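Spelled out, the chains give:
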Amino acid sequence: MKKHGIRAALVGLAAVLVVGAAGCGGDDNDAGSGGVQTGGATSAAVSGDVTVFAAASLTESFTQIGKDFEAANPGTKVTFNFAGSSALATQINQGAPADVFASAAPANMKTVTDAGNADGTPRTFVKNQLVIAVPKGNPKDIAGLADLTKPGVKVALCAEQVPCGAAAKKALDAASVKLTPVTLEQDVKAALSKVTLGEVDAALVYRTDARSAASDVDGVEFPESASAINEYPITLLKDAPNKAAAQAFLDWVLSDKGMNVLTQAGFQAP
């Protein structure tokens, strides 16, 4: 009887240990499946809407990143407002509700931070470089910036207050090329569309935008673009309606998964 009692006690103790171990394992699994993956780290689960104001040149990359983020975080919904960085900065400073701002240049981000609307210090997450977008096959045989001044060549540029326009001015100045565009656009996608629609013969756009429209345009590289590389900063906004999910999205952008999407699109690491 005594041996039987000892055996029963040992069996009972083993059962308690097994249950305890299972409980700990269950907690780990819950955190792994419901948490936010940020480059290998896991944080508490998030939910709700995230509104991201992002430069037009980020359209394709951020759209994919948003889908990936939602898939990894059920219960979240990412809504984007893509436009020229200067217009987005103005909207934010005028009180437009947003959680995250990703600008195509530090100057436009500075208008937001100077107004006290950024939460923390913005972080540069990618860089981008200009190319000359031309119709497929390059019918005007454009090989560099000087060719944009040839008689009969119609060119679209971004307005100077827009990051792609400011970069274009730097590149043209570096090449000592004086150019009169037929149109000035408010974001890089609008400038690119002038080429794809056949309204102009060339446009100065980001390398990433030319790549996204590779079925319709060719991107002509030119050396002066190295003088006009744009840095892209990103920040959480002070009055973000959903700060927890906004921070999780920002972390996802900066993670290996987010950066892989961006670099595959042609963005450069900072």
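Residues numbered from 1 in each chain as written. Predicted model: local features only at pLDDT ≥ 70, side-chain atom pairs only at ≥ 80, totals over all residues. Heavy atoms only, no water.

Student: Would you take a moment to explain the state of the cysteines for this structure?
Tutor: By definition, a disulfide links the sulfur atoms of two cysteine residues through a covalent bond. All chains considered together, the criterion is met by one disulfide. Covalent S-S linkage joins Cys-158 and Cys-164, the inter-sulfur distance amounting to 1.9 Å. Here the S-S torsion is close to -105 degrees, and the disulfide linking Cys-158 with Cys-164 is therefore left-handed. When sorted by exposure, Cys-158 lands in the same class as Cys-164, which is buried. (Disulfide = S-S within 2.5 Å. Buried < 20%, exposed > 50% of the residue type's maximum accessible area, 1.4 Å probe, protein only.)

Student: Would you explain the pairing of strand E12 (residues 230-237) in this entry?
Tutor: One face of the sheet, then the other: side chains in a regular strand alternate in exactly this way. Within E12, seven of the eight residues are buried, which leaves the element mostly enclosed by the surrounding structure. Relative to E12, strand E6 (residues 118-128) is paired through seven bridges, and the arrangement is antiparallel. Paired with Arg-123 across the bridge in E12 is Ile-234. (Helix = DSSP H or I, 4+ residues; strand = E, 2+ residues; numbered from the N terminus. Pairing = 2+ DSSP bridges.)

Student: Sorry if this is basic, but what is going on with the packing of helix H3 (residues 85-93) against helix H4 (residues 106-114) here?
Tutor: Angle between the axes and distance between the axes are the two parameters that describe a pair of packed helices. Two numbers describe how H3 lies on H4: the axes approach to 9 Å, and their chain directions differ by 5 degrees. Comparing their axes, H4 and H3 come out roughly parallel. Contact residues: Ser-85, Ser-86, Ala-89, Ile-92 and Asn-93 in H3; Asn-108, Thr-111 and Val-112 in H4. A per-class count over the contact of H3 with H4 returns three nonpolar, five polar and no charged. (Axes fitted to C-alpha atoms, helices over the stretch in contact; angles between N-to-C directions. Parallel < 35°, antiparallel > 145°, perpendicular 65-115°, else oblique. Contact = heavy atoms within 4.5 Å. Nonpolar A, V, L, I, M, F, W, Y, C, P; charged D, E, K, R; others polar.)

Student: How should the pattern of salt bridges be read in this particular structure?
Tutor: Once the charged atoms of two side chains with opposite charge are near each other, the side chains can pair. A complete count under the given rule lists ten salt bridges for this structure. The closest approach of N and O atoms between Lys-110 and Asp-114, which form a salt bridge, is 2.7 Å. One end of the pair is Lys-110 and the other is Asp-114, both in helix H4 and four residues apart, which spans about a single turn. Look at Asp-114 and you get exposed, because its relative accessible area is 54%. Where Arg-207 meets Glu-221, a salt bridge forms, and the shortest distance between an N and an O atom there is 3.1 Å. Separated by 14 residues along the polypeptide, Arg-207 in helix H7 (residues 207-212) and Glu-221 in the loop between strand E11 (217-220) and E12 bring together distant segments of the chain. (Salt bridge = Lys/Arg side-chain N within 4 Å of Asp/Glu carboxyl O.)

Student: In this structure, what is going on with the nonpolar core? I would like to understand it.
Tutor: Across soluble globular proteins, nonpolar side chains show a tendency to be buried alongside one another. Leu-58, Phe-62, Phe-125, Ile-132, Phe-249 and Leu-262 are the most contacted members of the largest nonpolar core, which totals 70 residues. Tallying contributions element by element places helix H8 (residues 243-254) first for this core, with seven residues. Listed in part, the ten residues of the second largest apolar core include Phe-53, Leu-88, Ala-89 and Ile-92. (Core = buried A, V, L, I, M, F, W, Y, C linked by side-chain atoms within 4.5 Å.)

Student: It is not clear to me how the sheet that holds strand E7 (residues 130-135) should be interpreted in this structure. Could you clarify?
Tutor: Two strands in a sheet stick together by hydrogen bonds in their backbones, pointing the same way (parallel) or opposite ways (antiparallel). Pairing is mixed in the open sheet, where five strands are placed in the order E9-E8-E10-E7-E11. Across the chains shown, the open sheet's two edge strands, defined by having one partner strand only, are strand E9 (183-185) and E11. Taken over all neighbouring pairs, the strand axes of this sheet differ in orientation by 35 degrees on average, direction set aside. In this sheet, E9 lies alongside strand E8 (residues 155-158) in parallel orientation, the contact comprising three bridges. Its bridge partner being in E9, Ala-156 is matched across the sheet by Thr-183. Each of E7, E8, E9, strand E10 (202-206) and E11 is contacted by helix H6 (residues 188-196), which is oriented at about 145 degrees to E10, the strand it contacts most.

Student: Looking at this structure, how should I read the packing of aromatic side chains?
Tutor: All chains considered together, the criterion is met by ten aromatic pairs. An angle of 80 degrees between the planes, with centres 6.1 Å apart, marks the rings of Phe-69 and Trp-252 as edge-to-face. Here Phe-69, found in helix H2 (residues 59-72), pairs with Trp-252, found in helix H8; they are 183 residues apart in sequence, far enough to count as distant. For the residue pair Phe-69 and Trp-252, the accessibility class agrees, reading buried in each case. Taking 5.5 Å as the distance between ring centres and 80 degrees as the angle between the ring planes, the aromatic pair formed by Tyr-232 and Phe-267 counts as edge-to-face. With a gap of 35 residues between them, Tyr-232 in strand E12 and Phe-267 in the segment after helix H9 (256-264) connect regions that are remote in the sequence. According to the relative accessible area criterion, Tyr-232 is buried, its value standing at 0%. Residue classification places Phe-267 among the buried positions, given a relative accessible area of 4%. (Phe/Tyr/Trp six-rings, centres within 6.5 Å; stacked < 30°, edge-to-face > 60°.)

Student: For this particular structure, what's the right way to read unusual backbone geometry?
Tutor: The bulk of non-glycine residues show a negative phi, and the bulk of peptide bonds are trans. One non-glycine residue, Asn-138, lies in the positive phi region at around 50 degrees. Note that Asn-138 resides in the loop between E7 and E8. We note that Ser-176 has phi near 55 degrees; this positive angle belongs to a residue other than glycine. Examined against the element boundaries, Ser-176 turns out to sit in the loop between helix H5 (163-174) and E9.

Such coordinate-based values are descriptive only and should not be taken to indicate function.
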